[in-house]
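Structure assessment
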Amino acid sequence: MTQPAQVVEVAAALVRDAGGRYLITQRLADTHLAGRWEFPGGKREAGETLQGCLARELREELGIDVAVGEKVDTVRWEYGEKTVVLHFYRCRITGGTLQLLECAALDWVEPARLADYDFPPADQHLIDRLRAAG
């Protein structure tokens with residue numbers, strides 16, 4: 001009998017600047033999906049809300065504080081050994097200084113250029129939506 005896939009809940013931030021560009025980050029080497037670009041965020045810990053997870057992860061990874069807004073989308077993706085459930089929220093930076101603490105790189109990207117970056121397949125539907133919305 002095979003073991004059921006592990007389910008990992010992830011919260012991710014859709015942060016836009018005044019020019020409408022999205023903040024994206026590149027995953028570190030030696031991590032799952034290393035080198036791929038993503039909307040910043042991370043795994044929810046036991047007993048943590050998705051909003052609390054997102055605030056904690058952005059503080060740890062980027063040194064910023066955020067106000068977490070509305071949920072934009074939820075995507076469930078099977079990676080074989082695990083199932084990832086991604087919850088995307090609109091966020092606004094409220095404090096701190098943007099820095100590379102736990103990611104390889106960051107960029108501010110216009111919606112039309114999101115497809116130029118190598119994102120995990122789980123993000124593709126949302127990227128298509130954001131590009132269409134502009």
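Here we come to the sheet that holds strand β2 (residues 22-26). Spatial ordering of the open sheet is given by β3-β2-β7, a layout of 3 strands whose pairing is antiparallel. Strand pairing shows two members of the sheet lacking a second neighbour, β3 (37-38) and β7 (105-109), which therefore form its edges. Sheet topology places β2 next to β7; 5 bridges connect them, and they run antiparallel. Within the sheet, the bridge partner assigned to L23 lies in β7 and is W108.

This paragraph deals with the sheet that holds strand β5 (residues 64-78). Read from one edge of the open sheet, 4 strands run β4-β1-β6-β5, paired in mixed fashion. Edge positions in the open sheet fall to β4 (41-43) and β5, since each of these has one partner strand only. When the angles between neighbouring strand axes are averaged without regard to direction, this sheet yields 20 degrees. When strand β1 (residues 6-15) meets β4, the two strands line up antiparallel, connected through 3 bridges. By the bridge assignment, A11 is partnered in β4 with G42.

The residue E110 is located in the loop between β7 and α2 (124-133) in this model. C-alpha separation for the pair E110 and Q124, spaced 14 residues apart in sequence, amounts to 16 Å.

Right, let's talk about helix α1 (residues 50-62) for a bit. Taking 1.5 Å as the rise per residue, α1 with 13 residues should run 18 Å; its terminal C-alpha atoms sit 18 Å apart, in good agreement. Every buried residue of α1 is listed here: L50, C53, L54, A55, R56, E57, L58, E61 and L62. For α1, the secondary structure elements touched by its buried residues are β1, β2, β4, β5, β6 (82-96) and β7. Once α1 ends, the next one or two residues include G63, with phi positive near 70 degrees.

When you tally the buried positions in β2, you get 4 out of 5 residues, the bulk of the element. As paired elements, β2 and β3 share 2 bridges and run antiparallel to each other. The residue of β3 that forms the bridge with T25 is E38.

With that settled, the discussion passes to the nonpolar core. L14, I24, F39, F88, L114 and F119 are the most contacted members of the largest nonpolar core, which totals 23 residues. When residues of this core are traced back to their parent elements, those giving at least two are β1, β2, β5, β6, β7 and α2. Considering each element in turn, this core owes the most residues, 4 residues, to β1. Residues contacting F88, with those up to four places away along its chain left out, are A12, L14, F39, E70, K71, V72, D73, V75, D123 and L126. L58, L62, C91 and W108 belong to the second largest nonpolar core, which has 15 residues in total.

Within the fold, E61 resides in helix α1. The buried category is assigned to E61, whose relative accessible area is 9%. For the pair E61 and T94, spaced 33 residues apart in the sequence, the C-alpha separation amounts to 15 Å. Discounting residues that sit within four places of it in the chain, E61 has contacts with P40, G41, Q99, L100, L101, E102 and C103.

The rules behind the values
- Residues numbered from 1 in each chain as written.
- Predicted model: local features only at pLDDT ≥ 70, side-chain atom pairs only at ≥ 80, totals over all residues.
- Heavy atoms only, no water.
- Pairing = 2+ DSSP bridges.
- Helix = DSSP H or I, 4+ residues; strand = E, 2+ residues; numbered from the N terminus.
- Axes fitted to C-alpha atoms, helices over the stretch in contact; angles between N-to-C directions.
- Expected span 1.5 Å × (residues − 1).
- Buried < 20%, exposed > 50% of the residue type's maximum accessible area, 1.4 Å probe, protein only.
- Contact = heavy atoms within 4.5 Å.
- Core = buried A, V, L, I, M, F, W, Y, C linked by side-chain atoms within 4.5 Å.

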